[in-house]
Amino acid sequence: MKKWNRREGPRQYRRPGWYTGNRHGETRDQHWYRYFDSDDAGPSHRAPQRESDNQSSSPSSSSSKDSSAAPELPGFYFDPERNRYFRLLPGHNNCNPLTKEQLQRKEREKERNKMLLEDEKLRKKAPRRGLNTSLLLQRRHLGLLPENSYCRLVHEVKVSAMRRHKLEIESTDNSSPNMDNFRLIVGDSACERVFTVNNVSHGGCKYGIMNFSSSSRGSLSVEMCDNLYFTNRKVNSVCWASVNYPDSHVLLCLVGVAHTPGCVSLLPASLFSNSNSDQPGMLCSFKISSAWSCAWCLNTQFDKTFSTGLSRRVILKDAETGRTQTYSVESDVLAQQFAHRVPVLYNGCRSGEIFSIDLRQRGRRDQSWKARRFHQESAITSIRVLQDENYLIAADMLGQIKLWDVRVAKPVQEYKGHHNEYAYLPVHVNEHEGLLLAAGQDCYTRLWSLKDGHLLRTIPSPHPAANDLIPSIVFSSNLGGSRGLPGLLMAVKHDLYYFPYNTDYQEGEGLKAAF
C-alpha cells in the first residue's frame with residue numbers, strides 16, 4: 001500500500017465513471033444546460049446511459065418513462081411528443097405564443113376530446129367493478145340482493161349506458177334558428193315544461209317555456225312557446241310556483257341594471273303562449289334590489305308564500321295579501337329551499353353558513369328564529385332538502401357537496417369530484433333513481449350515487465369549455481310526461497341534448513323541436 005506523500009498532496013477520491021471529459025460523469029446541472037440553444041427551444045430531456053448496462057427496453061417504454069420523469073425547469077415547459085423543452089415567457093400579449101394558461105387549456109381540450117370518443121362507444125365502462133344487468137338479475141333471483149338495492153344498482157347501470165342525442169331546434173315561422181346561448185333551464189315537477197333563459201347577443205336575456213312530450217316508444221318531442229319575453233336585466237334565480245294549481249306560475253329574480261331597479265316577478269305560465277285561451281293568472285312584481293335567490297313554499301299552511309334572499313336580508317312575502325316579513329342576517333343569502341312537510345325555510349349564505357327559519361315562529365325579533373345553524377368552508381351555491389327532511393344537500397364555491405344531518409348539524413356523506421371556484425352552480429337530486437347530479441365550472445357533468453357518494457359517470461361537454469358555456473341540466477324519472485322514460489336534458493351554448501335510458505333510441509326519431 002502506497003503511503004501518502006506530502007509533496008504529491010492528498011489523494012483525491014473519485015468514483016468510477018466521474019472523470020474529466022467523460023460525458024457520463026457530468027454533474028446533473030451540467031447535463032441539462034449543455035443542450036441550450038440560442039432560439040426558443042430549450043434542452044431536450046435525455047436520460048444518461050451507462051455503457052456497461054446491458055438492459056434492453058423498447059422505445060415506447062423508454063419515452064414514456066422520460067416524459068413522466070421530466071423535471072420542471074423555470075421558464076420552460078416540456079413537450080412529451082417532441083421530447084424537448086421549450087421556452088415559456090410570462091404574459092398574455094400577442095407577441096408571446098406560449099403561456100401556461102394556453103398550454104393548460106390545450107391539455108384540457110385534448111382530454112375532453114378523448115372523453116367524447118370514449119362516450120360515443122356502445123359499450124361503456126361499468127360504474128362499479130363487475131356491475132352489469134345480468135349479474136344483478138341473477139343475484140336478485142337467488143335472493144342475495146334486496147329489492148331497493150337492486151333498483152338502485154340497475155339505475156346506476158342505465159346511467160352509465162346513456163348516449164347523447166342532439167335535439168334539432170327549428171323555428172315555427174321559418175326564421176333564423178336560435179343562436180342565443182342557453183344560460184339556465186328549470187323543469188317543472190312533472191317535467192313536461194322547462195323554463196329557459198337565454199343570453200341575448202346585444203345584451204340582456206330572453207326567457208320562455210319549452211313543452212315536452214314523450215311517446216310510448218320513448219321518443220321525445222319539444223315545442224318552444226311562441227311568446228318570448230326580453231329584458232335588459234340579468235336573471236339570477238328561477239323556480240316554479242303553485243299559485244292556482246301545481247306549477248301554474250314562474251318566480252323570477254331580476255338584477256337591476258343602471259336606472260332599472262331589480263325586482264322579483266311572479267308570472268303565469270300561460271303568458272308564454274299566444275294560443276292559450278285561458279285567462280292569465282296572478283301577475284305581480286315587487287321592486288327589490290340585489291335579489292340573489294328565491295323559493296316557493298309548498299306547505300299547505302303557507303301555500304301562497306315565497307321567499308327572497310338578498311344582501312344581508314331574507315324576505316318572506318304572501319303573494320295574495322302582500323304581507324311581508326324581513327329577517328336581518330350577517331351575509332348575502334345565495335341559496336334557498338323550503339321543506340315540504342313542515343314550513344321551514346333553509347338558507348345558504350356567502351359566508352358558508354346554513355340556517356333555517358320556521359315560519360310558525362315569525363314573531364321573534366332577535367336571532368333566536370334561527371332554528372338550526374351549521375357551516376361549510378365557502379359560499380353556499382345550492383341547497384336541496386331530501387324527502388326525509390332530516391337531511392339536506394349543500395354545495396359551495398370550493399366544489400364541496402355534502403349531505404348534512406340537520407338534527408346533529410354534521411355532514412354524513414361527501415360527493416367528491418365536483419369543480420367550482422366562484423360560479424353560482426346548482427345541484428340536482430333525483431331520489432327515485434338515487435342520483436345526485438351537478439355541472440361543474442370545468443363544464444363536466446357528474447353523476448353520483450346518492451347513497452354512498454360513489455362517482456358513477458363524468459359526461460364531457462359537447463363544446464369546448466368556457467366560463468360562459470357551463471351546461472345547464474335537468475334530470476327526470478319521466479322526461480316529457482307520465483309516459484316518458486328517465487333521462488338527462490342538457491343545454492349548452494345554443495344546443496339542446498338528450499341522454500335517454502333507452503339505448504335503442506334512434507337518432508332523428510322524435511328529435512325535432514319547434515322554436
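Every value quoted in this text rests on a predicted model; they were computed, and no experiment measured them.

Draft legend 1. Looking closely at the overall build of the protein chain. Broken down by element type, the protein chain carries 5 helices and 33 strands. Counting all 515 residues of the protein chain, 48% fall into the buried class. Counting only contacts in the protein chain whose residues sit at least 6 apart along the sequence, the fraction spanning at least 24 positions is 48%. Total accessible area on the protein chain is roughly 28,300 Å²; 48% of this is exposed by carbon and sulfur atoms.

Draft legend 2. Just the pairing of strand E25 (residues 410–415), in detail. The sheet contact formed by strand E24 (residues 401–405) and E25 spans 5 bridges and is antiparallel. When the sheet's bridge partners are listed, aspartate 405 is paired in E25 with lysine 410. Here E24 hands over to E25 after 4 residues, with alanine 409 in that stretch at a positive phi of 55°.

Draft legend 3. Fine view of the side chain of serine 307. Mapping serine 307 onto the fold places it in strand E15 (residues 305–310). You can call serine 307 buried: its relative accessible area is 0%. At 3.1 Å, the side chain of serine 307 forms a polar contact with the side chain of glutamine 336.

Draft legend 4. Expanded view of helix H3 (residues 100–119). For H3, which comprises 20 residues, the first-to-last C-alpha distance of 28 Å matches the rise-based estimate of 28 Å (1.5 Å per residue) to within 8%. Taken together, the buried positions of H3 are Leu103, Arg112, Leu116 and Asp119. For H3, the secondary structure elements touched by its buried residues are strand E2 (76–79), strand E29 (455–459) and strand E32 (495–500).

Draft legend 5. Spotlight on the sheet that holds strand E26 (residues 427–430). Strand order in the open sheet made by the 4 strands is E26-E27-E28-E29, with antiparallel pairing throughout. The sheet is open, and its two edges are formed by E26 and E29, each paired on a single side. Sheet twist, expressed as the mean angle between neighbouring strand axes with direction ignored, is 15°. Pairing geometry for strand E27 (residues 435–439) and strand E28 (residues 445–449), over 5 bridges, is antiparallel. By the bridge assignment, alanine 439 is partnered in E28 with threonine 445.

Draft legend 6. Inspection of the pattern of salt bridges at higher detail. According to the stated counting rule, one finds 18 salt bridges in the structure shown. Ionic pairing is found between aspartate 358 and arginine 360, a salt bridge with its closest N-O pair at 2.9 Å. What makes arginine 360 partly exposed here is its relative accessible area of 49%. A network of salt bridges, in which partner residues are shared, links Arg128, Arg152, Glu156 and Asp452.

Cut-offs used in this document
Residues numbered from 1 in each chain as written. Predicted model: local features only at pLDDT ≥ 70, side-chain atom pairs only at ≥ 80, totals over all residues. Heavy atoms only, no water. Helix = DSSP H or I, 4+ residues; strand = E, 2+ residues; numbered from the N terminus. Buried < 20%, exposed > 50% of the residue type's maximum accessible area, 1.4 Å probe, protein only. Contact = heavy atoms within 4.5 Å. Areas by Shrake-Rupley, 256 points an atom, 1.4 Å probe, with all protein chains shown as cover. Pairing = 2+ DSSP bridges. Polar contact = N/O pair within 3.5 Å; in protein donor to acceptor, adjacent residues only side chain to side chain. Expected span 1.5 Å × (residues − 1). Axes fitted to C-alpha atoms, helices over the stretch in contact; angles between N-to-C directions. Salt bridge = Lys/Arg side-chain N within 4 Å of Asp/Glu carboxyl O.

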